[in-house]
Amino acid sequence: GAGVSQSPSNKVTEKGKDVELRCDPISGHTALYWYRQSLGQGLEFLIYFQGNSAPDKSGLPSDRFSAERTGGSVSTLTIQRTQQEDSAVYLCASSLGLAGFYEQYFGPGTRLTVT
Amino acid sequence: KQEVTQIPAALSVPEGENLVLNCSFTDSAIYNLQWFRQDPGKGLTSLLLIQSSQREQTSGRLNASLDKSSGRSTLYIAASQPGDSATYLCALTPAAGNKLTFGGGTRVLVKP
């Protein structure tokens, strides 16, 4: 079956521009996560959506970062006024429910380069 | 705050040798521990999920153990093959939350 998909696969943008990254989770998965993988930083949690509950935004590094999930399916991560330190691979994952009980399945990621 | 450590950061072994990958964590209050594989330029592939009540999980040549009291998990890969070359990451779901905390990964090279 179809896995988690992300688009674009690569994005190069100029410092100061806004970018939108898209994630399509596995059909039927109620939980969706965004992570960031940077050189030297490892993988860090950004934000988590579960059903209709308020998202857990505790990992967002600044107010330039925001995310939404429409209709309980597709999610968009938006970074405003990009900075060079935002360059990283942004990974999306989905699971059937709470991470405590279900495996997370990851997409291939979007590599963001801010010049 | 949960700290997850994977040592060594890199490992090189000849084909056929068994691989032993270590993951240590500081807070034993976890829901589960998951091992992932990441190939260069790719996303993560889930290998094994161990619930906090379990001691080990097996899938083919892979076996993962969990010892919460000592804050350790070990991933064993038997009879390694060049195709096993990748970065292996462990990640924990804390009992108090739903987000994964990742270790830094171990980069494995299996030489033919």
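What counts and what doesn't
- Residues numbered from 1 in each chain as written.
- Chains lettered and ligands numbered in written order.
- Predicted model: local features only at pLDDT ≥ 70, side-chain atom pairs only at ≥ 80, totals over all residues.
- Heavy atoms only, no water.
- Helix = DSSP H or I, 4+ residues; strand = E, 2+ residues; numbered from the N terminus.
- Buried < 20%, exposed > 50% of the residue type's maximum accessible area, 1.4 Å probe, protein only.
- Contact = heavy atoms within 4.5 Å.
- Disulfide = S-S within 2.5 Å.
- Core = buried A, V, L, I, M, F, W, Y, C linked by side-chain atoms within 4.5 Å.
- Pairing = 2+ DSSP bridges.
- Buried area = accessible area lost by both parts, 1.4 Å probe.
- Salt bridge = Lys/Arg side-chain N within 4 Å of Asp/Glu carboxyl O.
- Polar contact = N/O pair within 3.5 Å; in protein donor to acceptor, adjacent residues only side chain to side chain.
- Nonpolar A, V, L, I, M, F, W, Y, C, P; charged D, E, K, R; others polar.
- Patch = residues over 30% accessible without salt bridge, like charges linked within 9 Å, V, L, I, M, F, W, Y side chains within 5 Å.
- Areas by Shrake-Rupley, 256 points an atom, 1.4 Å probe, with all protein chains shown as cover.
- Axes fitted to C-alpha atoms, helices over the stretch in contact; angles between N-to-C directions.

1. As for the overall build of chain A
Stage number 1. Each helix and strand counted, chain A has zero helices and ten strands in total.
Stage number 2. For chain A, the sequential pattern of α-helices and β-strands runs β-β-β-β-β-β-β-β-β-β.
Stage number 3. Expressed along its principal axes, the backbone C-alpha trace of chain A runs to roughly 40 × 30 × 30 Å.
Stage number 4. Within the span of chain A, comprising 115 residues, buried residues form 49% of the whole.
Stage number 5. When contacts within chain A are restricted to residue pairs at least 6 apart in sequence, long-range pairs at least 24 apart make up 55% of them.

2. So, the state of the cysteines
Residues and elements named next belong to chain A.
Stage number 1. Under the definition given, this model contains two disulfides over all chains.
Stage number 2. Between the sulfur atoms of C23 and its disulfide mate C92 the distance is 1.8 Å. Classification of the bridge connecting C23 and C92 rests on its S-S torsion, roughly -65 degrees, and on that basis the disulfide is left-handed. Taken as a pair, C23 in strand β3 (residues 19-24) and C92 in strand β8 (residues 88-95) lie far apart in primary sequence, 69 residues in all.
Stage number 3. A relative accessible area of 0% places C23 in the buried class.
Stage number 4. Taking the relative accessible area as the measure of exposure, C92 reaches 0% and is therefore buried.

3. Notes on the nonpolar core
Residues and elements named next belong to chain B.
Stage number 1. In this structure, F25, L33, W35, L75 and Y88 are the most contacted members of the largest nonpolar core, which totals 22 residues.
Stage number 2. Every element with two or more residues in this core is listed here: β3 (19-25), β4 (30-38), β5 (44-51), β7 (62-67), β8 (72-77), β9 (86-94) and β11 (106-111).
Stage number 3. Apart from residues no more than four positions distant in its own chain, Y88 is found in contact with Q6, L21, F36, R37, L47, L75, I77, G105, T106 and V108.

4. A closer look at the sheet that holds β3 of chain B
All names here are of chain B.
Stage number 1. The five strands lie next to each other as β1-β3-β8-β7-β6, forming an open sheet whose pairing is antiparallel. Looking at strand neighbours, the two that pair on one side only are β1 (4-5) and β6 (56-59), the edges of this open sheet.
Stage number 2. Bridge analysis of β6 against β7 gives four bridges, and the strand direction is antiparallel. When the bridges of β7 are listed, S59 appears paired with L62.

5. Overview of the interface of chain B and chain A
Stage number 1. Contacts between the two partners involve 18 residues from chain B and, on the opposite side, 20 residues from chain A.
Stage number 2. Surface buried jointly by chain B and chain A totals about 1,500 Å² across both partners, of which 55% is contributed by carbon and sulfur atoms.
Stage number 3. Sorting the residues of chain B by area buried against chain A places L44, N98 and K99 of chain B first, and these three jointly supply 35% of that buried surface.
Stage number 4. Where chain B packs against chain A, one counts zero salt bridges.
Stage number 5. At the boundary of chain B and chain A, one finds three residue pairs in polar contact (both at pLDDT 80 or more).
Stage number 6. Contributions of two or more residues to the side of chain B that touches chain A are made by β4, β5 and β9 of chain B.
Stage number 7. In terms of residue class, the side of chain B that touches chain A is built from seven nonpolar, nine polar and two charged.

6. A short note on a nonpolar patch on the surface
Stage number 1. A contiguous nonpolar patch, built from L96, L98, F101 and Y102 of chain A together with Y31 of chain B and spanning about 470 Å² of accessible area, is present on the exposed surface.
Stage number 2. Residue position: Y102 of chain A is located in the loop between β8 and β9 (105-106).

7. A few points about the pattern of salt bridges
Stage number 1. Considering all chains together, one arrives at five salt bridges over all chains under this definition.
Stage number 2. In this structure, R36 of chain A and E44 of chain A form a salt bridge, with 2.9 Å as the shortest nitrogen-oxygen distance.

8. So, the sheet that holds strand β6 (residues 65-69) of chain A
Residues and elements named next belong to chain A.
Stage number 1. Reading across from one edge, β1-β3-β7-β6 is the order of the four strands in this open sheet, with antiparallel pairing throughout. The sheet is open, and its two edges are formed by β1 (5-7) and β6, each paired on a single side. Taken pair by pair, the neighbouring strands of this sheet meet at an average axis angle of 15 degrees, ignoring direction.
Stage number 2. Pairing between β1 and β3: three bridges, direction antiparallel. Along β3, the bridge assignment pairs Q6 with C23.

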